[in-house]
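Structure at a glance
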Amino acid sequence: MPAHEPDAQVFEAQRPRLLRLAYRMLGSFAEAEDVVQDAWLRMQRSDDLIEVPAAWLTRVTTRLCLDRLRSARAQRETYIGPWLPEPIIEEEPGIDTDELTFALMMALERLSPLERAAFLLHDVFGVTLAEIAETLGRDAAAVRQLAARARKHVEAGRTRYPVDRAEADRIARAFFAASTTGDIGALRAMLAEDVVLHSDGGGRVIAFRNPIQGLQRVLRLFAGVSRKNRYSAKLIRSLTIDGLPGYISRDRGDVLQATKLDIADGKVRAIYIMRNPEKLGHVVGALGISGEA
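What comes next concerns the included structure. Every residue gets a number counted from 1 within its own chain, in the order that chain's sequence is written. Reporting of local features is limited, given that this is a predicted model, to residues whose pLDDT is at least 70; pairs of side-chain atoms are given and counted only at 80 or more, and all residues count toward the totals for whole chains, interfaces and linings. With hydrogens and water excluded, all non-hydrogen atoms of the structure serve as input to the side-chain values.

Quick notes on the side chain of Arg116
Along the chain, Arg116 turns up in helix H5 (residues 113-124). Per-residue accessibility, obtained with a 1.4 Å probe over protein chains only, is compared with the maximum for each type, and a residue is labelled buried under 20%, exposed over 50%, and partly exposed between these values. Exposure remark for Arg116: the relative accessible area of 0% places this residue in the buried category. A distance of 3.2 Å separates the side chain of Arg116 from the backbone oxygen of Leu108, its partner in a polar contact. Counting from the N terminus, the helices are DSSP H or I runs at least four residues long and the strands are E runs at least two residues long. Whenever two N or O atoms come within 3.5 Å, that pair is a polar contact, provided that in protein one can donate a hydrogen and the other can accept it, and provided that, for residues adjacent in sequence, both atoms are side-chain atoms.

What about the packing of aromatic side chains?
Between 30 and 60 degrees the pair is tilted, below 30 it is stacked and above 60 it is edge-to-face, where a pair is any two Phe, Tyr or Trp rings, Trp via its six-membered ring, whose centres lie within 6.5 Å. In this structure the tally under the stated criterion is three aromatic pairs. A centroid spacing of 5.6 Å and a plane angle of 90° characterise the contact between Phe175 and Phe222, whose relative ring orientation is edge-to-face. Taken together, the residues span a long stretch of sequence, with Phe175 in helix H8 (residues 165-181) and Phe222 in helix H10 (residues 215-229) at a distance of 47 residues. Side by side, Phe175 and Phe222 carry an identical accessibility label, which is buried. Seen from their ring centres, Phe176 and Tyr247 are 5.3 Å apart, and the 75° between their planes marks the pair as edge-to-face. With Phe176 in helix H8 and Tyr247 in strand S4 (residues 244-251), this residue pair connects regions lying 71 residues apart in the sequence.

Concerning the packing of helix H1 (residues 8-26) against helix H2 (residues 29-45)
Contact pair H1 / H2: the axes reach a minimum separation of 8 Å and the direction vectors enclose 140°. One element, H1, and the other, H2, form an angle in the oblique class. Two packed elements cross with a definite hand, and for H1 against H2 that hand is right-handed. Residues Ala8, Phe11, Arg15, Leu18, Leu19, Ala22, Tyr23 and Leu26 of H1 pack against Phe29, Glu31, Ala32, Glu33, Val35, Val36 and Trp40 of H2. In this classification, the charged set is Asp, Glu, Lys and Arg, the nonpolar set is Ala, Val, Leu, Ile, Met, Phe, Trp, Tyr, Cys and Pro, and all remaining amino acids, among them Gly, are polar. Partitioning the contact of H1 with H2 into residue classes produces 12 nonpolar, no polar and three charged. Only C-alpha atoms enter the line fits that serve as axes; for helices the fit covers just the stretch in contact. Angles between N-to-C directions range over 0 to 180 degrees. Our angle categories are set so that under 35 degrees counts as roughly parallel, over 145 as roughly antiparallel, 65 to 115 as roughly perpendicular, and the remainder as oblique. The crossing is said to be left-handed when, going from far helix to near helix, the turn is anticlockwise and less than a right angle, and right-handed when the turn is clockwise. Throughout, a contact is declared for two residues whenever any of their heavy atoms are within 4.5 Å.

Examining the sheet that holds strand S3 (residues 234-241)
Spatial strand order, S2-S1-S6-S5-S4-S3: six strands in an open sheet with mixed pairing. Two strands bound the open sheet, and with one partner strand each, they are strand S2 (212-213) and S3. Paired strands, in this sense, are two strands between which DSSP finds at least two bridges.

Regarding the nonpolar core
Nonpolar core, defined: a set of buried Ala, Val, Leu, Ile, Met, Phe, Trp, Tyr and Cys residues in which side-chain atoms within 4.5 Å join the residues together. In this structure, Met25, Leu108 and Leu136 are the most contacted members of the largest nonpolar core, which totals 46 residues. Going through the elements one at a time, H1, H2, helix H3 (53-76), helix H4 (102-109), H5, helix H6 (129-136) and helix H7 (140-157) are the ones with two or more residues in this core. Element by element, the count of residues in this core is highest for H1, at eight residues. What Met25 contacts, discounting residues up to four positions off in sequence, is Thr62, Cys65, Leu66, Leu69, Pro113, Arg116, Ala117 and Leu120. Counting residues in each nonpolar core, the second largest holds 22 residues, with Phe175, Ala178, Leu215 and Val268 among its members.

Remarks on H2
Every α-helix winds through 3.6 residues per turn, so residues three or four apart in the chain are directed the same way. Given the number of residues in a helix, its expected span is that number minus one, multiplied by 1.5 Å. For H2, built from 17 residues, the straight-helix expectation of 24 Å at 1.5 Å per residue is met to within 8% by its first-to-last C-alpha distance of 25 Å. Buried residues of H2: Phe29, Ala32, Val35, Val36, Ala39, Trp40 and Met43, and no others. With its buried residues spanning 140° around the axis, H2 presents them on a single face. Where H2 begins, one side-chain oxygen reaches toward the backbone nitrogen of Glu31, 3.1 Å away; that side chain belongs to Ser28. Here the arc refers to the directions that run from the helix axis out to each C-beta atom.

Here we look at the packing of H5 against H6
Each packed pair of helices is defined by two parameters, the angle between the axes and the distance between the axes. Interaxial distance between H5 and H6 falls to 10 Å at its minimum, and their mutual angle equals 150°. The angle between H5 and H6 falls in the class roughly antiparallel. The hand of the H5/H6 crossing is right-handed. Judged by residue contacts, Leu114, Ala117, Ala118, Leu121 and His122 of H5 engage Leu129, Ile132 and Leu136 from H6.

With respect to the pattern of salt bridges
Should a side-chain nitrogen of Lys or Arg be within 4 Å of a carboxyl oxygen of Asp or Glu, the pair is scored as a salt bridge. Counted according to the given criterion, the structure contains 14 salt bridges. One salt bridge connects Asp254 with Arg250, and the closest N-O pair in it is separated by 3.7 Å. Overall, Asp254 belongs to the partly exposed group, its relative accessible area being 29%. On the basis of relative accessibility, which here comes to 11%, the residue Arg250 falls in the buried class. Notably, a salt bridge pairs Asp251 with Arg275, separated by 2.8 Å at the nearest N-O pair. Taken as a pair, Asp251 in strand S4 and Arg275 in the loop between strand S6 (267-274) and helix H11 (281-287) lie far apart in primary sequence, 24 residues in all. Each member of the pair Asp251 and Arg275 is classed as buried.

Description of unusual backbone geometry
With a phi close to 55°, Asp242 is a non-glycine residue in the positive phi region. Counting through the fold element by element, Asp242 comes out in the loop between S3 and S4. The backbone phi angle of Asp265 is positive, close to 55°, even though this residue is not glycine. Within the element layout of this structure, Asp265 appears in the loop between strand S5 (255-264) and S6. Here Asp265 falls in the exposed class, since its relative accessible area comes to 70%.

This is the structure:
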């Protein structure tokens, strides 16, 4: 039996912060919830006297995330098509979506697991170098170097083209209309010459196996897609997804998808389409919509 009785209220108070940490580490909301729950179970089973529960939970959550990241790297080598982090929408309960931007998540994805942990703990969550060193099994100087390298990558990847909400809503709705009706003239006016489209179906639903690059290729793609979806695609709502303008819609065959648009200088420079149903469960719950036909 544990030498103490963990306080569930203390854990619940820490839970939103732990979820933010775990999601940033893993890029998966479902996995983040599993990790945080596992940390709580370990706290309940621990025989140690936990003097500072917040620090203990942070340390255990980080280590659990690192374990998952090591196995996730191998799994992604066999992932079907492009891998994108699970989308987080503005209505997501218990999550501060203002700071969960897609640019940050993609920048973190390019870091090693240890760099990601060092950067998040130090720069985002304000954990001391000494505590991070204990968590990662490294000395403070090594942790400082890990965080510094990570910081350079993250800063280089941050978006520098914020779009106000009204404009984001207008662009998202206009893009949905043009892409589903095959209005190539409207799409040509919206897209940058070097636009790139990424589509994540995870092998569960139809999606593009490789990124589609360049204006002409993307226009041809949407011209073909519109012929199939012209009368079946349905806009559920436009909203902010991972800090980017976007929308939730249903495609031909009643497939749910989340589309977000990276915009610079008034042009869409990247399109990210999430169709993998395993990564859209929390979106279905947050919006109160049906995940099935």
